[in-house]
Amino acid sequence: MPAIEQNDQVMVRSRVVPTDPTTVFALLRNPRQHQYTEPGDWVRDAIDPQPLKEVDQVFGMNMAFPGSGQPYVMHNRVTRFELDQSIEWEPGQLNEAGEFERGGWFWRYDLAPVAEGTEVTLTYDWTATPQAFRDEVGGLPAFGPEFLDASLAALEKALESEV
């Protein structure tokens, strides 16, 4: 699997967690667990609790804006699904016809077995986000690389409570 290069529109961070890739992947494919992989209170709970199982699957999440706590719903379309190796989704919204419209960014987790467990690489890529949306939200990214580090730490903590 080719490595994703970090640049001014892509953040990539890694962390080794002390468990196997199958266990990590099981947590990541479960939308009910996503709220525990985020370091703050942004991701709330899953609207669609079924496990992710294939590319093009769309799942909804209840969210809340940081700071204000104002709730909103985000839909995500799975764009990569390689069992126990890689999972990726692009957030977006459903239009009035119920069709998915992508926002232009994605989250990706790549898993690699290592002697200590699993190296988890988290990528946040906003390359395809339209400029109008960037302007609307005050620019991207909305956080720095430390957010990804904290997300990986939250993932490890969630895995510890699963074991």
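Heads up: the structure comes first, above all this text.
Residues numbered from 1 in each chain as written. Predicted model: local features only at pLDDT ≥ 70, side-chain atom pairs only at ≥ 80, totals over all residues. Heavy atoms only, no water.

For the rest of this paragraph, the subject is unusual backbone geometry. With a phi angle near 80 degrees, Asp-56 is a residue other than glycine that sits in the positive phi range. Position of Asp-56 relative to the elements: it lies in the loop between strand S2 (43-46) and strand S3 (58-64). Overall, Asp-56 belongs to the partly exposed group, its relative accessible area being 48%. Look at Asp-84: it is not a glycine, yet its phi comes out positive at around 65 degrees. With respect to the element layout, Asp-84 can be found in the loop between strand S4 (71-82) and strand S5 (86-94). Asp-84 gets classed as partly exposed once you look at its relative accessible area, which sits at 23%. (Helix = DSSP H or I, 4+ residues; strand = E, 2+ residues; numbered from the N terminus. Buried < 20%, exposed > 50% of the residue type's maximum accessible area, 1.4 Å probe, protein only.)

Further remarks concern the side chain of Gln-57. As for its position among the elements, Gln-57 is in the loop between S2 and S3. With relative accessibility at 15%, the residue Gln-57 sits in the buried group. A distance of 2.7 Å separates the side chain of Gln-57 from the backbone nitrogen of Lys-53, its partner in a polar contact. Non-local contacts of Gln-57, meaning those with residues more than four positions away in its chain, are made with Gln-50, Pro-51, Leu-52, Asn-76, Arg-77 and Val-78. (Polar contact = N/O pair within 3.5 Å; in protein donor to acceptor, adjacent residues only side chain to side chain. Contact = heavy atoms within 4.5 Å.)

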